[in-house]
Amino acid sequence: MRKSFKRGAVILGLFAGGILFGTNATAHAALTPSSSQPGANMVDVSSWQGNLTAADYQTLAQNGVKAVTIKASEGTGYTNPYLSQQIQYAQQAGLSINFYHFVHFTTTDQAASEAQNFINAVQSVTSSKDVVMVADFESSELGGISKTTNDTNLAAFDSALNQAGYNKTDLYTMASWLEVKIDTNASNQGWIADYPGTPTGNKYPSANAWQWASDYRFPNINQNLDVSQLNNSFYLSSGSAANSTNTNANSSSASSASSASSASSSSSTNTSNSSSSKNDGEIVKVPGPSGKQYSAARSASVKLVWRSNMGAHYYQTTKGARYSKHLGTRYGYNSELPNVTWVTDAHEKLYKKNTGHYAIYYHVKSTTGNHGGWIWRGYLN
């Protein structure tokens, strides 16, 4: 899993990439596909992978990925601002879609409150209940609580999910905490993180999945990703995979999805599903941005000079567009959101090779967390 957020801020002392304690984590060069390795048929993403493009998700599917589990929420107030976009891209690639929540609860009341935040986040993007809802159990404060208390709190969390109609639940945790700080059970067979130096074989066969690396590199994706080997079909029957047989097309929705996936050389029947359909298992689509969305030439025309975090400043604009950090993906035009207030959290300096000029871009998110991207500083006021 990735860095933890709470109310939009980084929680210090947690994990910079994958799980860094309690596993057999070994420092090594990024892993790449090999026939001797375990299966890499599920990846998990959060806002830290918000830069992945629609084409990147197609690449995942073309390299054997069957499912993606997306961080929906954390604690009682945080929602992943890239949730809608990541669902859209995963659906277009034909991947089964599931969700996880980074937990902090230490009481049953807190567990119920966090479950409601999780439910609200997921229901904001899909009406389907046929998705796996995962409790990401790795936060440092949980390590100081007894296994009995943690088990009780997790049961309260799952009970709240069940009452809302979500009956497919699971537990993600590191191997060293298993049966020491938390237990798996019939409802939560487990998604276990354990990173050996030379990953081979099939660990934890009784669990639903084994996450065996956090530094995996797929072809043409210049970013480390978490990968897991699925031991059964539990994570494969939800999201867009369940939609593949739905042939009820909605022409405007299909057109929007086709535009949004213009970078891909392959297509999925999922792009013809109606965004208003309520069929079981369907992920509700978010309309793609107008115009061409991905440009490899534009991405290659810039060079990063520096990038760093920055404090929160508030702006509005109807000029320009929001982009990925290398400008290759356009998320949307700012004129389409004239009343949105944008909040900064990072900035970067780019050298534009085609003009020989430098430019400062601010990374912004809407105050509601539904939109985000990099905007040229000169457009913000």
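Nothing here was measured: the structure is a model prediction, and the numbers come from that model. (Residues numbered from 1 in each chain as written. Predicted model: local features only at pLDDT ≥ 70, side-chain atom pairs only at ≥ 80, totals over all residues. Heavy atoms only, no water.)

Observations concerning the nonpolar core
Here comes step 1: If you look at the biggest cluster of nonpolar residues, it comprises 51 residues, and the most contacted ones within it are Tyr57, Phe99, Phe157 and Phe218.
Here comes step 2: Sort the elements by how many residues they give to this core and helix H3 (residues 108-123) lands first, with six residues.
Here comes step 3: The contacts of Tyr57, once residues within four sequence positions are left out, are Val45, Leu52, Gln86, Tyr89, Ala90, Ala93 and Leu95.
Here comes step 4: Ranked by size, the runner-up nonpolar core spans 13 residues in total, among them Tyr100, Val132, Ala209 and Tyr235. (Core = buried A, V, L, I, M, F, W, Y, C linked by side-chain atoms within 4.5 Å. Buried < 20%, exposed > 50% of the residue type's maximum accessible area, 1.4 Å probe, protein only. Helix = DSSP H or I, 4+ residues; strand = E, 2+ residues; numbered from the N terminus. Contact = heavy atoms within 4.5 Å.)

Side note on the packing of aromatic side chains
Here comes step 1: The tally for this structure, following the rule as stated, stands at twelve aromatic pairs.
Here comes step 2: Following the ring pairs from residue to residue traces out a cluster consisting of Tyr172, Trp191, Phe234 and Tyr235.
Here comes step 3: It is Lys129 that lies over the ring of Tyr166; its NZ or CZ is 5.2 Å from the centre. (Phe/Tyr/Trp six-rings, centres within 6.5 Å; stacked < 30°, edge-to-face > 60°. Lys NZ or Arg CZ within 6 Å of the ring centre and 35° of its normal.)

Quick look at the pairing of strand E8 (residues 169-174)
Here comes step 1: Within E8, six of the six residues are buried, which leaves it mostly tucked inside the rest of the structure.
Here comes step 2: Residue alternation in E8 divides its side chains into two sets, Thr169, Leu171 and Thr173 and Asp170, Tyr172 and Met174, and both sets are buried.
Here comes step 3: Bridge count between strand E7 (residues 133-136) and E8: four bridges; the pairing is parallel. Within E8, the position partnered with Ala135 by the bridge is Leu171.
Here comes step 4: At this point the chain moves from E7, through helix H4 (residues 147-163), to the parallel E8, and the crossover so formed is right-handed.
Here comes step 5: Judged from the three bridges that link them, E8 and strand E9 (residues 191-193) form a sheet pairing that is parallel. Bridging from a neighbouring strand, Met174 pairs with Ala193 of E9. (Pairing = 2+ DSSP bridges. Right-handed = clockwise from strand over helix to strand, strands pointing away.)

Comments concerning the pairing of strand E17 (residues 357-366)
Here comes step 1: Of all ten residues in E17, eight are buried; the element is thus mostly enclosed.
Here comes step 2: Here strand E16 (residues 342-352) runs beside E17; their pairing, made up of ten bridges, is antiparallel. Among the inter-strand pairings, His347 is bridged to a residue of E17, identified as Tyr362.
Here comes step 3: Bridge count between E17 and strand E18 (residues 372-376): five bridges; the pairing is antiparallel.

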